[in-house]
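These are the residues of each chain, in order.
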Amino acid sequence: MSTFTSEWQDWKTRREEDLAAPHGWLALVSLDWLTDAPREYPGIPGRWWQDADAAYVDPAGASLVFDGAPVTGVQRFELVNSGAGTRVLAGDVEIEVARRSGYLIRVHDPKAEVLRAFHGVPAYEPSPSWVLEGRFEPFDSPRPTTVGAVVEGLSHVYTAPGVVRFSFGGQTHTLTAFNGKEGGLSILFTDGTSGVTTYAANRSLPVAAPSPDGSVTLDFNRAVNLPCAFTDFATCPLPPAGNHLPFAVEAGEKIPYERG
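Described below are features of the structure shown in this document. Source: prediction; values computed, not measured.

**Some remarks on unusual backbone geometry**
Its identity is not glycine, yet Ser101 carries a phi of approximately 70 degrees, on the positive side. You can see Ser101 is positioned in the loop between β9 (93-100) and β10 (102-108). What makes Ser101 partly exposed here is its relative accessible area of 42%. A positive phi angle, near 55 degrees, is found at Glu182, a position not held by glycine. Tracing the sequence through the fold places Glu182 in the loop between β13 (171-179) and β14 (185-189).

Put into structure tokens, the structure is as follows:
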């Protein structure tokens, strides 16, 4: 096995281990949108509600833990829209609180059927031919960019620091990039395989931080599915306008077995 292939296989193993985490995306079993009236939700302890700024829970006698401490009274959660959620522990399940325009709660259960049945993610065989060089071109200032979501009527707003330009098949292609991890970029895209062999709504390509001269490496072998490819309880963003590649990217993750 070549070094390229073994490194990709190691990456794929780590990726699948993350997906199989007991309270990860595959453990989702419900999603409920909060209203301004305190109420109980099926199978979820406590009484939950929201206002214009925050979400709230009254344990109402239930045993809940937040940030390492028991919740003894009304707990308030003020979160960033489209940002990371937070978790409340209830026995062996975790109740995620997130803000997606309004507030939602969803349960991560280590006994979830999808998690128990998970046996990896199908993917194209890795090929160095899908490692492409490109250039990051920053905007004068980062641009708030609104995109749709897999949930009808919902939108997300992300910060786009610039675009990535690269050549393929004798043509130049441009993709809007969002901020990624560790100073890198994240590119949401569709292509000629979308809805055929890969998930129809989107895939995500992580890109390491650009070099000082703006050069970046696009390794499409590491294009991954977003959580919505695995579960109906995710609210994933759609790619920004223009992020459709007019050719088939036969690399990276395919439609999950769970959706096959």
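**Thoughts on the sheet that holds β14**
If you walk across this open sheet you meet the 6 strands as β15-β14-β13-β12-β11-β16, and the pairing is antiparallel. The two strands at the open ends of the sheet, each matched to only one other strand, are β15 (203-207) and β16 (215-219). For this sheet the average axis-to-axis angle between neighbouring strands, irrespective of direction, equals 45 degrees. Both strand β11 (residues 131-148) and strand β12 (residues 155-168) contribute to a ladder of 11 bridges, which runs antiparallel. Of the residues in β12, the one forming a bridge with Gly134 is Phe166.

**Let's talk about the packing of aromatic side chains**
Counted by the stated rule, this structure contains 11 aromatic pairs. Centroid distance Phe66 to Phe77: 5.1 Å. Interplanar angle 90 degrees. Geometry classified as edge-to-face. Of the two residues, Phe66 sits in strand β5 (residues 65-66) while Phe77 sits in strand β7 (residues 75-77), which places them 11 residues apart along the sequence. We note that Phe66, like Phe77, is buried. With centroids separated by 5.2 Å and ring planes inclined at 20 degrees, the aromatic side chains of Trp130 and Phe168 adopt a geometry described as stacked. With Trp130 in the loop between α2 (113-117) and β11 and Phe168 in strand β12, this residue pair connects regions lying 38 residues apart in the sequence. The buried category is assigned to Trp130, whose relative accessible area is 11%. The exposure class assigned to Phe168 is partly exposed, which follows from its relative accessible area of 26%. Above the face of the Tyr124 ring, Lys254 is positioned so that its terminal group lies 4.5 Å from the ring centre.

**As for the environment of Arg99**
Along the chain, Arg99 turns up in strand β9. Residues Arg99 and Pro206, 107 residues apart in the sequence, show an inter-C-alpha distance of 23 Å. Leave out the neighbours within four places in its chain, and Arg99 touches Ala52, Asp53, Leu79, Val80, Asn81, Ser82 and Gly83. A polar side-chain atom of Arg99 sits 3.4 Å from the main-chain carbonyl oxygen of Asp53. A distance of 3.5 Å separates the side chain of Arg99 from the side chain of Tyr103, its partner in a polar contact.

**What about the layout of surface pockets?**
If you roll a probe as big as a water molecule over the atoms, it shows you where there is empty space left. In this structure, the largest pocket spans a volume of roughly 1,700 Å³. In terms of residue count, helix α1 (residues 3-19) provides more of the lining of the largest pocket than any other element does, 5 residues in total. Here the residues of the lining of the largest pocket sort into 21 nonpolar, 15 polar and 11 charged.

**Description of the pattern of salt bridges**
For the structure shown, the criterion picks out 10 salt bridges. Here Arg165 and Glu137 are joined by a salt bridge, their closest N and O atoms 2.7 Å apart. Placement of the pair is Arg165 in strand β12 and Glu137 in strand β11, with a sequence separation of 28 residues. What makes Arg165 partly exposed here is its relative accessible area of 33%.

**A few points about the pairing of β9**
The element β9 is extensively covered by neighbouring structure, given that 8 of its 8 residues are classed as buried. By the alternation rule, side chains of β9 split into Val93, Ile95, Val97 and Arg99 and Glu94, Glu96, Ala98 and Arg100, which are all buried. Relative to β9, strand β8 (residues 86-90) runs antiparallel, the two being bridged by 5 bridges. Residue pairing in the sheet places Val88 in a bridge with Ile95 of β9. One ladder, built from 7 bridges, connects β9 with β10; its direction is antiparallel. If you follow Ile95 over to β10, its bridge partner there is Val107. Connecting the antiparallel pair β9 and β10 is a turn made up of 1 residue, with Ser101 showing a positive phi of about 70 degrees.

Rules and cut-offs
- Residues numbered from 1 in each chain as written.
- Predicted model: local features only at pLDDT ≥ 70, side-chain atom pairs only at ≥ 80, totals over all residues.
- Heavy atoms only, no water.
- Helix = DSSP H or I, 4+ residues; strand = E, 2+ residues; numbered from the N terminus.
- Buried < 20%, exposed > 50% of the residue type's maximum accessible area, 1.4 Å probe, protein only.
- Pairing = 2+ DSSP bridges.
- Axes fitted to C-alpha atoms, helices over the stretch in contact; angles between N-to-C directions.
- Phe/Tyr/Trp six-rings, centres within 6.5 Å; stacked < 30°, edge-to-face > 60°.
- Lys NZ or Arg CZ within 6 Å of the ring centre and 35° of its normal.
- Contact = heavy atoms within 4.5 Å.
- Polar contact = N/O pair within 3.5 Å; in protein donor to acceptor, adjacent residues only side chain to side chain.
- 1 Å grid on protein atoms, 1.4 Å probe; cavity = no way out; pocket = protein on both sides within 12 Å on 5 of 7 lines; lining within 4 Å.
- Points joined across faces, edges and corners; volume = space filled by probe spheres on them.
- Nonpolar A, V, L, I, M, F, W, Y, C, P; charged D, E, K, R; others polar.
- Salt bridge = Lys/Arg side-chain N within 4 Å of Asp/Glu carboxyl O.

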